[in-house]
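Structure at a glance
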Amino acid sequence: MLSLLALLPIVLFITVVICLPLGIYIVPQQNSVVIERLGKFNRITGPGIHLLIPVVERKATCLSMKTGKLSFRLDAKTSDNVTIVLEVSAQYHVDYDNGNGNAVQSGVYRAFYMLADPISQMQDYLSDALRSSIPAYTLDDVFSKKDDIARDVNANVAGTMQSYGWTLVSTLITGINLPTSVEKSMNDINAAQRQREAAQSLADADKIKRVTSAQAEAEAMEKTGRGIAAQRIAIAQGIKDSLDTIKESGVSEAEANELFLYTQFTEMMTTFAKEGRASTVVLPTDFNESRSMFQQMLAAHQVHDNTRGEK
């Protein structure tokens, strides 16, 4: 009997040495461990070193509290009957709610016990929401409003996942893939539209150029007409002054006109002789007429001198 009592401390010591490592566990940072006792939920432990009763208690799971990423692809049809493939990315994490001290109402408890495969089921919820939303939009609207669509889907699914202990942080549509035939058609349409816009721009530029040129030409012609009119008025005034001066010398009106014509003719010939640019010269058929005009001019000049001498 004494020998058994002497062996008891040794047996207890050996038992403690063997069981102690089994009863000590460490929870890493940003993790939570669910402890079950005899198959029933008992408590939730956070980061640090903890003890459990070997055999009686066990670690049911260790949940990461970090934000995770779920990426997947799904097909959907738009309102204009175009089948597209969406690339979706969702960010999520375990609900941080501690249930006000009641572990059974905490996010960790719900995240572990309420869904068998939470990540896969979250994907199903998102896929269903997207396939329900996309048919309300045309293909162009899906491209231009993809962020709005993703926000609406995230808001719808987030409420459901919250009740299961998961927080859906955001849902992003990161890619929209089109069938090859549709993509080629869209590229052709865009190319045709750009060509049409380029042609319209060129036509507008040419129109502006023509209108500007026409306006400039009209202004130039108007100014030229004013110049010609002013020139003719000056010439007429000069002719009138010249005739008046010639008449004052005692020459008759007919003789003055002939003298003026002769003077114009001689000035023209003088200019032609100096410049020599004309290729055609028009001369009188009867030079006697020109000679007569010159004789009359000399006679008129002589009469004028005689008149001055008498005075």
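The structure under discussion appears in the preceding block.
This report concerns the structure included in the present document. Along each chain, residue indices are assigned from 1 in the same order as the chain's sequence is written. Only residues with pLDDT of 70 or above have their local features reported here, since the model is predicted, and side-chain atom pairs are shown and tallied only from 80 upward, although totals for entire chains, interfaces and linings are computed over all residues. Side-chain numbers come from the whole structure's heavy atoms, not from hydrogens or water.

**A few points about the overall build of the chain**
Helix numbers and strand numbers start at the N terminus; a helix is a DSSP run of H or I with at least 4 residues, a strand a run of E with at least 2. Of the regular secondary structure elements, the chain holds 8 helices and 8 strands. Whether two residues are in contact is decided by their heavy atoms: any pair within 4.5 Å suffices. Within the chain, contacts between residues separated by at least 24 positions form 61% of all contacts whose residues are at least 6 apart in sequence. Reported accessibility uses the Shrake-Rupley method at a 1.4 Å probe radius. Residues are deemed covered only where the shown protein chains occlude them. Accessible area of the chain: about 21100 Å², with a carbon and sulfur share of 57%.

**Brief notes about the packing of aromatic side chains**
Ring pairs are drawn from Phe, Tyr and Trp, using the six-membered ring of Trp, whenever the two centres fall within 6.5 Å, and their geometry is named by plane angle: stacked under 30 degrees, edge-to-face over 60, tilted for the rest. Summed over all chains, the structure comprises 5 aromatic pairs. With a centroid separation of 5.0 Å and 75° between ring planes, the pair formed by phenylalanine 41 and tyrosine 109 is classed as edge-to-face. Of this pair, phenylalanine 41 sits in strand β3 (residues 40–45) while tyrosine 109 sits in helix α2 (residues 107–113); the two residues are 68 residues apart in sequence, bridging distant segments of the chain. Classification of residues uses two cut-offs on accessible area relative to the type maximum, computed with a 1.4 Å probe and protein chains only: under 20% is buried, over 50% is exposed, and between them is partly exposed. Judged by its relative accessible area of 21%, tyrosine 109 falls in the partly exposed class. Each ring, one from tyrosine 92 and one from tryptophan 166, has its centre 5.9 Å from the other, and the planes form 65°; the classification is edge-to-face.

**Considering the sheet that holds strand β5 (residues 57–64)**
As summarised here, the arrangement of the 3 strands in space is β3-β2-β5, forming an open sheet in which the pairing is antiparallel. On the outer flanks of this sheet lie β3 and β5, each paired with one strand and no other. Averaged over all adjacent pairs, the angle separating strand axes in this sheet is 25°, with direction ignored. Here the rule is simple: two strands pair whenever DSSP picks up at least two bridges between them. In this structure, strand β2 (residues 31–37) lies alongside β5, joined through 7 bridges in antiparallel fashion. From the neighbouring strand, valine 33 faces β5, where its bridge partner is cysteine 62. Here an axis means a line fitted to C-alpha atoms, over the contact stretch when the element is a helix, while the angle between two N-to-C directions is reported on a 0 to 180 degree scale.

**Observations regarding the sheet that holds strand β7 (residues 83–94)**
Read across the open sheet, the 3 strands follow the order β6-β7-β8; overall the sheet is antiparallel. Each edge of the open sheet is held by one strand with a lone partner, namely β6 (68–77) and β8 (166–177). For this sheet, the mean inter-axis angle between neighbouring strands, taken without regard to orientation, is 25°. By the bridge criterion, 10 bridges tie β6 to β7 in an arrangement that is antiparallel. Bridge pairing links leucine 70 to alanine 90 in β7. Packed onto the sheet, helix α3 (residues 118–133) meets β6, β7 and β8 and runs at close to 35° relative to β6.

**As for the side chain of asparagine 154**
Following the sequence through the fold, asparagine 154 ends up in helix α5 (residues 146–163). Note on asparagine 154: relative accessible area 12%, which makes it buried. Among the polar contacts listed, one links the side chain of asparagine 154 to the side chain of threonine 171, at a separation of 2.9 Å. Residues contacting asparagine 154, with those up to four places away along its chain left out, are Leu168, Val169, Ser170 and Thr171. Whenever two N or O atoms come within 3.5 Å, that pair is a polar contact, provided that in protein one can donate a hydrogen and the other can accept it, and provided that, for residues adjacent in sequence, both atoms are side-chain atoms.

**Brief notes about the pattern of salt bridges**
We define a salt bridge as a side-chain nitrogen of Lys or Arg found within 4 Å of a carboxyl oxygen belonging to Asp or Glu. Counted under the stated rule, the structure contains 10 salt bridges. Of the charged contacts, one joins arginine 43 and glutamate 57 as a salt bridge, the two residues approaching to 3.1 Å between their closest N and O atoms. In this pair, arginine 43 sits in strand β3 while glutamate 57 sits in strand β5, placing the two residues 14 residues apart along the sequence. Judged by its relative accessible area of 22%, arginine 43 is partly exposed.

**Quick look at a nonpolar patch on the surface**
A grouping of Ile24, Ile26, Ile49 and Leu51 is seen on the molecular surface, where their side chains present a nonpolar patch of about 420 Å² in accessible area. Only β1 (24–27) and β4 (48–51) provide two or more residues apiece to the nonpolar patch. Examined against the element boundaries, isoleucine 49 turns out to sit in strand β4. What goes into a patch is any residue over 30% in relative accessible area without a salt bridge, connected to like charges within 9 Å or, for nonpolar side chains (Val, Leu, Ile, Met, Phe, Trp, Tyr), within 5 Å.

**Some points on the pairing of β1**
The alternating pattern of β1 places Tyr25 and Val27 on a buried face, while none of Ile24 and Ile26, on the opposite face, is buried. Bridge analysis of β1 against β4 gives 4 bridges, and the strand direction is antiparallel. Its bridge partner lying in β4, isoleucine 24 is registered against leucine 51.

**Some details on α5**
When the terminal C-alpha atoms of α5 are compared, their 26 Å separation across 18 residues agrees well with the 26 Å that a helix rising 1.5 Å per residue should span. Along α5, the sharpest change in direction is near 25° and occurs at valine 157. Along α5, the positions that sit buried rather than exposed are Ile149, Ala150, Val153, Asn154, Val157, Ala158 and Met161. Buried residues along α5 sit in contact with α3, α4 (139–144) and β8. Directly after α5, the chain includes glycine 165, whose backbone phi takes a positive value near 90°. The length a helix should cover is 1.5 Å for every residue beyond the first. The angle separating two fitted axes, one through the seven residues that finish at a residue and one through the seven that start at it, defines the bend at that residue.

Limitation: the analysis is restricted to geometry and does not speak to function.
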